[in-house]
Amino acid sequence: MTMPLGKHIRDEVRALTPYNAGLTIEEVMAAYQPASIAKLGSNENPFGPSPKAVQAMNALGSSIALYPDPLARSVGTALAEKLGVDPQTIIFGNGSEDLIGAVCRAVLNPGDVVATLYPSFPLHEDYATTMGATVERIVIGDDFAIPLDDLIAAANRAKMLIFSNPMNPVGAWLGTEAFRRLTASLSKDTLLVVDEAYFEYAALEDDFPSALEALKGSELNWLVLRTLSKAYGLAGLRIGYGITSSPDFKSYLDRVRTPFNVNAAAQAAALAAIADEDHVQAGVRYIRSERERLARILTDEGLKVAPSAGNFLFVDTGQPSDAVATALLRSGTIVKPWRQEGFRHFIRVSIGKAEDNDKFVADFLAFMRKT
Ligand SMILES: *Cc1c(COP(=O)(O)O)cnc(C)c1O
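Residues numbered from 1 in each chain as written. Predicted model: local features only at pLDDT ≥ 70, side-chain atom pairs only at ≥ 80, totals over all residues. Heavy atoms only, no water.

1. Here's the deal with the overall build of the protein
So, point 1. A tally of helices and strands in the protein yields 15 helices and 13 strands.
So, point 2. Here the C-alpha atoms of the protein give a radius of gyration of 21 Å, agreeing with the 21 Å that 2.2 N^0.38 yields for 371 residues.
So, point 3. Here the C-alpha coordinates of the protein stretch approximately 65 × 60 × 50 Å along the principal axes.
So, point 4. Within the protein, buried positions represent 53% of all 371 residues.
So, point 5. Partitioning the contacts of the protein with sequence separation of at least 6, the portion at a separation of at least 24 is 74%.
So, point 6. Only carbon and sulfur atoms are counted for the fraction: they give 54% of the accessible area of the protein, which is about 16,300 Å².
So, point 7. Of the side-chain charges in the protein, 36 are positive and 44 negative, and the distance between the mean point of each set is 3 Å. (Helix = DSSP H or I, 4+ residues; strand = E, 2+ residues; numbered from the N terminus. Rg over C-alpha atoms; globule rule 2.2 N^0.38 Å. Buried < 20%, exposed > 50% of the residue type's maximum accessible area, 1.4 Å probe, protein only. Contact = heavy atoms within 4.5 Å. Areas by Shrake-Rupley, 256 points an atom, 1.4 Å probe, with all protein chains shown as cover. Lys, Arg positive; Asp, Glu negative; His and termini not counted. Charge placed at Lys NZ, Arg CZ, Asp CG, Glu CD.)

In structure tokens, the structure reads:
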């Protein structure tokens, strides 16, 4: 008999639940053979990356025999210029989720408290839990409002505050004045991590604070996370980045990541992608307009839909959403049933091209009228 794994695996790790990754097209095809698929479960960009990013990746040829630049300097220089920050404060990750792991490894001791908004991006909690930290959740209101006073109070009891703005899965966001109040009230003992995975979509809101702008001159230590996976359409290549409050902080994060965490293809594509801002902005404008169209259709049907500054909508189905999502799969529509306690009757649907959104609406409303 082999040793029970419980003897080897840490308690914190055994307590984790598997990540609820979206289904792939292949999985859905194999299980249901639908006539077509609308992949609206993972907040990807339906227009894909800039064609220039694909060209740059293809041009690598056999240079992929060599290790990539461990610091992704060419991308870092370009981004630093674009963002107006010191290149020594930019760190890259194998997706920004890699950097969520890195900051947790660098900062958290067993027993530390991490505050986060809830429902949350599960990895904000999972990497903290893995380190033995305790997570304090600040739950959004029934009207999807972010309880700012509770957030500030919890953050000031915590070693680290981490949340996404706009929130994933909800789409709600902390506005400019609320963000200002938060940072003005935050203790310098608390490390602030703002995950701006949906920044490019949210930046077009009248009342969305760029954390980078808002934190200029702040005495807090902070990390702002962004990614090439969402609006830039490079989810499959895995590249995200963080901007830190100081080169010192960045250098500590460098020590807890794998040295070659961003591959050569991702670096080449990212460099070309960030130079093609027109491609990103055209996609962003389209998705925002489709998002508003969809939200109106669903609310006109009497459904409860959270306000969203991202490329997705969080919809109350009034019943266990796993069953709803499974029913939609039969006709080839992939959405994400939310599986966190208290929000299991919600689905998160990504905004795609109009034809895919129409397919979702038709399938979803047909199902809802039957149940
Ligand atoms: C999608 C997402 C990420 C992960 O992005 P990658 O760069 O692909 O790892 C991080 N945070 C939030 C809130 C997300 O929704």
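2. A closer look at a nonpolar patch on the surface
So, point 1. Taken together, the side chains of Leu5, Ile9 and Val13 make up a nonpolar region of the molecular surface, amounting to roughly 240 Å² of accessible area.
So, point 2. Position of Ile9 relative to the elements: it lies in the segment before helix H1 (11–14). (Patch = residues over 30% accessible without salt bridge, like charges linked within 9 Å, V, L, I, M, F, W, Y side chains within 5 Å. Salt bridge = Lys/Arg side-chain N within 4 Å of Asp/Glu carboxyl O.)

3. A look at the sheet that holds strand E9 (residues 304–305)
So, point 1. Read from one edge of the open sheet, 4 strands run E9-E10-E13-E12, paired in antiparallel fashion. The sheet is open, and its two borders are formed by E9 and strand E12 (336–337), each paired with just one other strand.
So, point 2. In terms of strand pairing, strand E10 (residues 312–316) meets strand E13 (residues 346–350) through 5 bridges, oriented antiparallel. In the sheet register, Phe312 faces E13, and the bridge partner there is Ser350. (Pairing = 2+ DSSP bridges.)

4. Examining the sheet that holds strand E3 (residues 113–118)
So, point 1. Pairing is mixed in the open sheet, where 7 strands are placed in the order E2-E8-E7-E6-E5-E3-E4. Because the sheet does not close on itself, it has two edges, and the strands there are strand E2 (90–93) and strand E4 (134–139). Strand after strand, the sheet turns through a mean of 20° between neighbouring axes, direction not considered.
So, point 2. The pairing of E3 with strand E5 (residues 160–164) spans 2 bridges and is classified as parallel. Its bridge partner being in E5, Ala115 is matched across the sheet by Leu161. (Axes fitted to C-alpha atoms, helices over the stretch in contact; angles between N-to-C directions.)

5. Comments concerning the pattern of salt bridges
So, point 1. On inspection of all chains with the given rule, the structure shows 25 salt bridges.
So, point 2. A salt bridge links Asp11 to Arg14; its shortest N-O distance comes to 2.9 Å. With Asp11 and Arg14 both in helix H1 and 3 residues apart, this pair spans about one turn of that helix.
So, point 3. In this structure Asp11 comes out as exposed when scored by relative accessible area, which is 54%.
So, point 4. The class for Arg14 is partly exposed, based on a relative accessible area of 49%.
So, point 5. In this structure, the salt-bridge partner of Lys250 is Asp254, at a minimum N-O distance of 2.7 Å. Residue Lys250 and its partner Asp254 are located together in helix H11 (residues 247–255), separated by 4 residues, close to a single helical turn.

6. Quick look at the site of the ligand
So, point 1. The local shell around the ligand holds 13 residues, among which Asp195, Tyr198, Thr227, Ser229 and Lys230 are the closest.
So, point 2. Here an oxygen atom of the ligand and a side-chain polar atom of Asn168 are 2.7 Å apart.
So, point 3. In the model, an oxygen atom of the ligand is placed 2.5 Å from a nitrogen or oxygen of the Thr227 side chain.
So, point 4. For the ligand, whose free accessible area comes to 390 Å², the fraction covered by protein is 94%.
So, point 5. Assessed atom by atom at 2 Å from the grid points, the ligand resides in the largest pocket.
So, point 6. Taken together, the residues of the shell around the ligand break down into 3 nonpolar, 6 polar and 4 charged. (Near = heavy atom within 4 Å. Polar contact = N/O pair within 3.5 Å; in protein donor to acceptor, adjacent residues only side chain to side chain. 1 Å grid on protein atoms, 1.4 Å probe; cavity = no way out; pocket = protein on both sides within 12 Å on 5 of 7 lines; lining within 4 Å. Sits in = over half its atoms within 2 Å of the grid points. Nonpolar A, V, L, I, M, F, W, Y, C, P; charged D, E, K, R; others polar.)

7. Focus: the packing of aromatic side chains
So, point 1. Across all of its chains, the model carries 13 aromatic pairs by this definition.
So, point 2. Here Phe314 and Trp338 contribute two aromatic rings whose centre-to-centre distance is 6.2 Å and whose plane-to-plane angle is 90°, an arrangement assigned as edge-to-face. In this pair, Phe314 sits in strand E10 while Trp338 sits in the loop between E12 and E13, placing the two residues 24 residues apart along the sequence.
So, point 3. The buried category is assigned to Phe314, whose relative accessible area is 0%.
So, point 4. Assessed through its relative accessible area of 4%, Trp338 is described here as buried. (Phe/Tyr/Trp six-rings, centres within 6.5 Å; stacked < 30°, edge-to-face > 60°.)

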